[in-house]
Amino acid sequence: MSKIGVHSFVWSAGSSRGELETALDNTQRLGYRLIEFSYLDPAQVDVKWLAGRIRERGLDVAISMGLPPEGDISSADPAIVAHGVDILDRAVALVRDLGGTKLAGILSSAHGKQEHSLSRKGWDTSVAALSKVADRARAAGVTLNLEIVNRFESNMLNTAAQGMAYIRDTGASNVFLHLDTFHMNIEEADVGLAIRHAAGKIGYLHVGESHRGYLGTGTIDFPAIFDALVAIGWDDYVTFESFSTTIVDKDLSLKTAIWRNLWDDNVALARHAHRFIELGLETARLKQA
Ligand code: FUD
């Protein structure tokens, strides 16, 4: 049985107890072993209660987010950088309090389309700020996983190679890459090769289709991706991510340009995705046996 996770926005963008309970229920019932909560706001959620529910069900948990413009740690404005550091520190605490070990997403710059290119100073500012967060995260037993997203969602880390350079500059042992097949399909010359080159530095992984709908119905070469994952000995979570206008988050849906309805029935979608990932990994293992 492979370790397969699911992004909470497959279930709901809400965080009422009922919505969270349904999300956990569906996650477990369909055979997923990890739930990733996106933009979970501790002010809206009883974190202790949620941690207990996750533990009781024997699930793992990860948290993902993208920094807002007013918390961009690559900014020239020290107040904006300080706000971003505070957001990251609080997200690390949330991961720890939920019983998780991974913070993922766009952590090194603002999430969203930028109208300027990144300067050397912006890079250095971000590396310095994130390194400090990483020190505190290490004490909390949390890793920082930098999501590599396409050019329309960040002006900083668009390829795995750029992410590796950033990690080297931090010198931190608990900073890793968060790779995502949707973004890699846009920016990497060869997705399988990029995974092989990044082996050992990949901390978290999203599997999403080229249109972010049903896996296997777009243009992504999934056999090449599963082959690469098996070749590098990946034995951590593969988390399914998909977006449709059926589930709208006020921030993320706009930043990721979710304008089309790619599915209504999230249970059918998630059931299919689980089978697709399981079979893909199994086939790759058979090929390499
Ligand atoms: C964004 C993306 C997501 C996002 C995450 C934030 O394009 O792919 O992974 O960063 O959902 O919580």
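Everything below is about the structure shown above.
Summarised in this report is the structure supplied together with it. (Residues numbered from 1 in each chain as written. Predicted model: local features only at pLDDT ≥ 70, side-chain atom pairs only at ≥ 80, totals over all residues. Heavy atoms only, no water.)

What about the overall build of the protein?
For the record, the criterion: Numbering of helices and strands runs from the N terminus; a helix is a DSSP stretch of H or I covering at least four residues, while a strand is a stretch of E covering at least two. The buried label applies to any residue whose accessible area, calculated with a 1.4 Å probe on protein chains only, is under 20% of its type's maximum; exposed applies above 50%, and partly exposed to all values in between. Contact definition: two residues touch when any of their heavy atoms are within 4.5 Å. Every accessible area reported is derived by Shrake-Rupley at a probe size of 1.4 Å, with residue values counting cover from the shown protein chains alone. Charge assignment in this entry is limited to Lys and Arg as positive and Asp and Glu as negative, and neither His nor the chain termini are counted. In plain terms, the charge of a residue is placed at NZ if it is Lys, CZ if Arg, CG if Asp and CD if Glu.
Helix and strand counts for the protein stand at 10 helices and 8 strands. The dimensions of the protein, computed from C-alpha atoms along their principal axes, are 45 × 45 × 35 Å. The buried share of the protein, reckoned over its 289 residues, is 56%. Taking as baseline every contact in the protein between residues at least 6 positions apart, the subset at least 24 positions apart corresponds to 77%. By element, 53% of the accessible surface of the protein is carried by carbon and sulfur atoms, the whole surface being about 12,200 Å². Charged side chains of the protein number 29 positive and 36 negative; the gap between the two group centres comes to 3 Å.

Examining the pairing of strand β1 (residues 4-7)
What counts is decided by this rule: Here a strand pair is declared whenever DSSP counts at least two bridges between the two strands. Whether a crossover is right-handed depends on one test, that the path from the first strand over the helix to the second runs clockwise when the strands point away from the viewer.
Neither face of β1 is open: one carries Ile-4 and Val-6, the other Gly-5 and His-7, and all of them are buried. In terms of strand pairing, β1 meets strand β8 (residues 238-240) through 3 bridges, oriented parallel. Looking at the pairing, Ile-4 lines up with Val-238 of β8. Taken together, the 3 bridges between β1 and strand β2 (residues 34-38) define a ladder with parallel strand orientation. What sits directly across from Val-6, in β2, is Ile-35. Note that the unit made of β1, helix α1 (residues 17-29) and β2 has a crossover that is right-handed.

Points about helix α2 (residues 47-56)
Keep this limit in mind: We call two N or O atoms a polar contact when they sit within 3.5 Å, provided that within protein one can donate a hydrogen and the other can accept it, with sequence-adjacent residues counted only if both atoms are side-chain atoms.
Taken residue by residue, α2 has Val-47, Trp-49, Leu-50, Ala-51, Gly-52 and Ile-54 as its buried positions. The inward-facing, buried residues of α2 contact α1, β2, β3 (60-67) and α3 (78-98). One side-chain oxygen of the residue at the start of α2 lies 3.3 Å from the amide nitrogen of Lys-48, identifying that residue as Asp-46. Of the residues flanking the end of α2, it is Gly-58, one or two places downstream, whose phi is positive at about 70 degrees.

Here's the deal with the site of the ligand
Using the following cut-off: Throughout, the term near means that a residue has one or more heavy atoms lying within 4 Å of the molecule or strand in question. Three categories are distinguished: nonpolar for Ala, Val, Leu, Ile, Met, Phe, Trp, Tyr, Cys and Pro, charged for Asp, Glu, Lys and Arg, and polar for the others, with Gly belonging to the last.
Contacts to the ligand come from 16 residues, most closely from His-7, Ser-38, Ser-64, Glu-147 and Glu-153. At 3.1 Å, a side-chain N or O of His-206 approaches an oxygen atom of the ligand. At 2.7 Å from an oxygen atom of the ligand is found a side-chain nitrogen or oxygen belonging to Glu-241. Residues belonging to the shell around the ligand are distributed by class as follows: 4 nonpolar, 7 polar and 5 charged.

Here we look at the packing of aromatic side chains
Operational definition: Pairing of aromatic side chains here covers Phe, Tyr and the six-membered ring of Trp, requires ring centres within 6.5 Å, and sorts the geometry by plane angle: under 30 degrees stacked, over 60 edge-to-face, intermediate tilted. Counted as over-ring charges are cases with an Arg CZ or a Lys NZ within 6 Å of the ring centre that also lie within 35 degrees of the ring normal.
One pass over the structure, following the stated rule, counts 4 aromatic pairs. Ring centres of Phe-222 and Phe-276 lie 5.3 Å apart, and the angle between their planes is 80 degrees; this geometry places the pair in the edge-to-face category. Of this pair, Phe-222 sits in helix α8 (residues 222-231) while Phe-276 sits in helix α10 (residues 266-288), and the two are 54 residues apart along the sequence. Under the relative-accessibility criterion, Phe-222 is labelled buried at 2%. Residue class for Phe-276 comes out partly exposed when judged on its relative accessible area of 23%. Among the aromatic residues, those joined into a ring-pair cluster are Phe-222, Phe-226 and Phe-276. Here Arg-212 stacks its cationic end above the ring of Phe-182, 3.8 Å away from the centre of that ring.

Details of the packing of α1 against α2
As a reminder of what qualifies: Here, axes are lines fitted to C-alpha atoms. For helices the fit covers the stretch in contact, and angles between N-to-C directions go from 0 to 180 degrees. What sets the label is the angle itself: under 35 degrees gives roughly parallel, over 145 gives roughly antiparallel, 65 to 115 gives roughly perpendicular, and the rest give oblique. Two helices crossing with the near one rotated counterclockwise from the far one by less than a right angle form a left-handed crossing, whereas a clockwise rotation gives a right-handed crossing.
Direction vectors running N to C along α1 and α2 enclose 20 degrees, while the axes themselves pass 11 Å from each other. As summarised for this structure, α1 and α2 are arranged roughly parallel, according to the angle between their axes. The crossing of α1 and α2 is right-handed. Contacts between α1 and α2 involve Arg-17, Leu-20, Glu-21 and Leu-24 from the former and Trp-49, Leu-50, Arg-53 and Ile-54 from the latter. Partitioning the contact of α1 with α2 into residue classes produces 5 nonpolar, no polar and 3 charged.

Digging into the environment of Pro-42
Here Pro-42 is to be found in the loop between β2 and α2. By relative accessible area, Pro-42 is classed as partly exposed at 43%. In this structure Pro-42 touches Val-47 and Leu-94, once residues within four positions along its chain are discounted.

Concerning the sheet that holds β2
An order of β1-β2-β3-β4-β5-β6-β7-β8 is seen for the 8 strands of this closed barrel, with the pairing classed as parallel. If you compare each strand with its neighbour and ignore which way they point, the axes differ by 30 degrees on average. Sheet analysis places β3 next to strand β4 (residues 102-110), joined by 6 bridges and oriented parallel. Across the sheet, the residue bridging to Ala-62 is Lys-102, located in β4.

Some remarks on unusual backbone geometry
For Tyr-39, which is not glycine, the phi torsion reads 50 degrees and is therefore positive. Within the secondary structure, Tyr-39 is located in the loop between β2 and α2. With a relative accessible area of 25%, Tyr-39 lands in the partly exposed category.

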